[in-house]
Structures are given as C-alpha cells and as structure tokens.
Amino acid sequence: MVTSLDPADIRILTALQEDGRLSNADLAERVGMSASSCWRRVRALEEAGAIERPGVRLNPEACGLGFQAIVHVSLVRHEMRPVEDFIRAVQARPEVQECYATTGQADYHLRVLCRDLAAYNAFLEEFLFRQPAVASAQTNMVLRAVKTRSKLPL
C-alpha cells in the first residue's frame with residue numbers, strides 16, 4: 001500500500017484520472033519522464049494498490065439500466081455468520097454496484113442499478129428480502145445524478 005506519493009507519482013495519477021487510456025509514451029510525455037521510467041512507476045503504483053485497474057466506465061442509462069436506488073439496509077442481528085453471509089450474497093449480485101457498512105440508523109447502504117422498477121422489485125422480493133439477516137430496507141430512488149465521477153484530490 002502506498003503511504004506517500006512523490007510529485008512524479010501525483011503527476012502520473014492525475015494524468016491517468018483525466019485519461020486512463022493514454023499510451024505509456026503519451027503518459028510519459030505528458031508527465032515529463034522517459035517512457036521506461038514512467039512504465040516502472042505505473043507498475044509500482046499498480047503493485048502498491050494506488051491504481052486498482054485500468055478500464056472503461058460505462059453509462060448505465062445507455063446500457064439499459066435506467067433505474068437507480070440507494071437502499072438503506074438494517075440487519076436483524078449482528079452475529080458474525082449472518083453478517084458474513086449477507087456480505088457474500090450482496091457481493092455476488094451484479095445489481096449492487098456499491099455497498100458500504102456505516103454508522104447510523106441503517107447498517108448498510110447499497111447503490112443498486114436495474115433496468116426498471118419491475119426489475120428492482122424482483123431484486124427486492126427474490127433476493128434482498130430473502131436474506132435471513134435483513135430486518136428492513138428503505139429505498140431512496142435516484143431522480144437524477146448531480147455528481148457521479150470525481151478525481152481523487154491528490
């Protein structure tokens with residue numbers, strides 16, 4: 001794990017956040033390094049976990065996933081086994097894009113994507129409400145996204 005980033009690392013990460021599909025040669029030119037030095041630093045940042053994975057980001061609506069909700073889940077009990085089973089089940093569901101264990105009234109917050117309201121209802125009835133650890137779930141439908149992407153504040 002990276003604990004501190006030097007200025008060259010920050011330049012590389014900033015450039016990759018702006019355009020993750022840059023070739024190594026273009027990245028090296030942009031950050032003022034040789035291609036070989038840049039390649040070694042990128043590999044070191046990947047190995048340290050600072051760069052999780054390269055890839056593309058898809059637009060959910062353009063891919064037919066027009067329903068998005070934030071689901072606040074409260075558990076009936078907090079014993080280790082039921083909680084671990086819940087976490088594994090949530091991790092396996094493609095509709096669940098993100099899951100956070102939090103403090104406060106709800107125990108977990110899920111960001112869920114589905115085709116439509118009917119698909120979301122099926123997700124609730126066929127999956128979430130069948131989890132033994134789930135006591136209740138409150139749904140907040142996303143009306144519109146105000147901010148969905150952000151560069152890390154390096």
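About the cut-offs
Residues numbered from 1 in each chain as written. Predicted model: local features only at pLDDT ≥ 70, side-chain atom pairs only at ≥ 80, totals over all residues. Heavy atoms only, no water. Phe/Tyr/Trp six-rings, centres within 6.5 Å; stacked < 30°, edge-to-face > 60°. Helix = DSSP H or I, 4+ residues; strand = E, 2+ residues; numbered from the N terminus. Buried < 20%, exposed > 50% of the residue type's maximum accessible area, 1.4 Å probe, protein only. Domains from an automatic or database assignment. Pairing = 2+ DSSP bridges. Axes fitted to C-alpha atoms, helices over the stretch in contact; angles between N-to-C directions. Parallel < 35°, antiparallel > 145°, perpendicular 65-115°, else oblique. Contact = heavy atoms within 4.5 Å. Nonpolar A, V, L, I, M, F, W, Y, C, P; charged D, E, K, R; others polar. Polar contact = N/O pair within 3.5 Å; in protein donor to acceptor, adjacent residues only side chain to side chain. Salt bridge = Lys/Arg side-chain N within 4 Å of Asp/Glu carboxyl O.

### Observations concerning the packing of aromatic side chains
Phase 1: Within this structure, the stated rule accounts for four aromatic pairs.
Phase 2: Here tyrosine 120 and phenylalanine 123 contribute two aromatic rings whose centre-to-centre distance is 6.1 Å and whose plane-to-plane angle is 25 degrees, an arrangement assigned as stacked. Placement of both tyrosine 120 and phenylalanine 123 in helix α5 (residues 117-126) is noted, with a separation of three residues, approximately one turn of the helix.
Phase 3: According to the relative accessible area criterion, tyrosine 120 is buried, its value standing at 3%.
Phase 4: In this structure phenylalanine 123 comes out as buried when scored by relative accessible area, which is 1%.
Phase 5: By the ring-pair criterion, three or more aromatic residues cluster together here, those being Phe67, Tyr120, Phe123 and Phe127.

### Describing the domain arrangement of the chain
Phase 1: We note that the domain assignment places domain 1 (7-48) and domain 2 (61-141) within the chain.
Phase 2: With centres defined by C-alpha atoms, the gap from domain 1 to domain 2 works out at 37 Å.

### Comments concerning the pairing of strand β1 (residues 67-75)
Phase 1: Within β1, seven of the nine residues are buried, leaving the element largely enclosed by the surrounding structure.
Phase 2: For β1 and strand β3 (residues 108-114), the ladder comprises seven bridges, and the chain directions are antiparallel. Among the inter-strand pairings, phenylalanine 67 is bridged to a residue of β3, identified as cysteine 114.
Phase 3: Alignment of β1 against strand β4 (residues 134-141), held across seven bridges, turns out to be antiparallel. Bridging from a neighbouring strand, isoleucine 70 pairs with asparagine 140 of β4.

### A look at the packing of helix α2 (residues 24-31) against helix α3 (residues 35-47)
Phase 1: Remark: α2 packs on α3, axes separated minimally by 9 Å, with the N-to-C direction vectors making an angle of 100 degrees. Looking at the two axes, α2 sits roughly perpendicular to α3. Within the contact between the two elements, α2 uses Asn24, Leu27, Ala28 and Val31 and α3 uses Ala35, Cys38, Trp39 and Val42.
Phase 2: Grouping the amino acids of the contact of α2 with α3 by side-chain chemistry returns seven nonpolar, one polar and no charged.

### Focus on the side chain of aspartate 9
Phase 1: In this structure, aspartate 9 sits in helix α1 (residues 7-18).
Phase 2: In terms of polar contacts, aspartate 9 uses its side chain to reach the side chain of arginine 41, at 2.8 Å.
Phase 3: Setting aside residues no more than four positions away along its own chain, aspartate 9 makes contact with Arg41 and Leu45.

### Points about the packing of α1 against α3
Phase 1: It is the contact of α1 with α3, at a shortest axis distance of 11 Å, that shows an interaxial angle of 85 degrees. In terms of orientation, α1 and α3 fall into the roughly perpendicular class. Residues Ala8, Asp9, Ile12 and Leu13 of α1 form the contact with α3, whose own contacting residues are Cys38, Arg41, Val42 and Leu45.
Phase 2: Residues that form the contact of α1 with α3 fall into these classes: six nonpolar, no polar and two charged.

### A few points about the environment of threonine 102
Phase 1: Among the structural elements, threonine 102 can be located in the loop between β2 (96-101) and β3.
Phase 2: Remark: the alpha-carbon pair of threonine 102 and alanine 135, spanning 33 residues in sequence, is separated by 16 Å.
Phase 3: With near-sequence residues (within four places) excluded, threonine 102 lies in contact with Asp107 and His109.
Phase 4: Here histidine 109 takes part through its side chain, which lies 2.9 Å from a polar atom of the side chain of threonine 102.

### A word on the pattern of salt bridges
Phase 1: Counted according to the given criterion, the structure contains nine salt bridges.
Phase 2: In this structure, the salt-bridge partner of arginine 81 is aspartate 85, at a minimum N-O distance of 3.5 Å. Within this pair, arginine 81 and its partner aspartate 85 are both found in helix α4 (residues 80-92), separated by four residues, close to a single helical turn.
Phase 3: The class of arginine 81 is exposed, set by a relative accessible area of 59%.
Phase 4: We classify aspartate 85 as partly exposed; its relative accessible area is 33%.
Phase 5: What emerges from the salt-bridge pattern is a single network uniting Asp6, Asp9 and Arg41.

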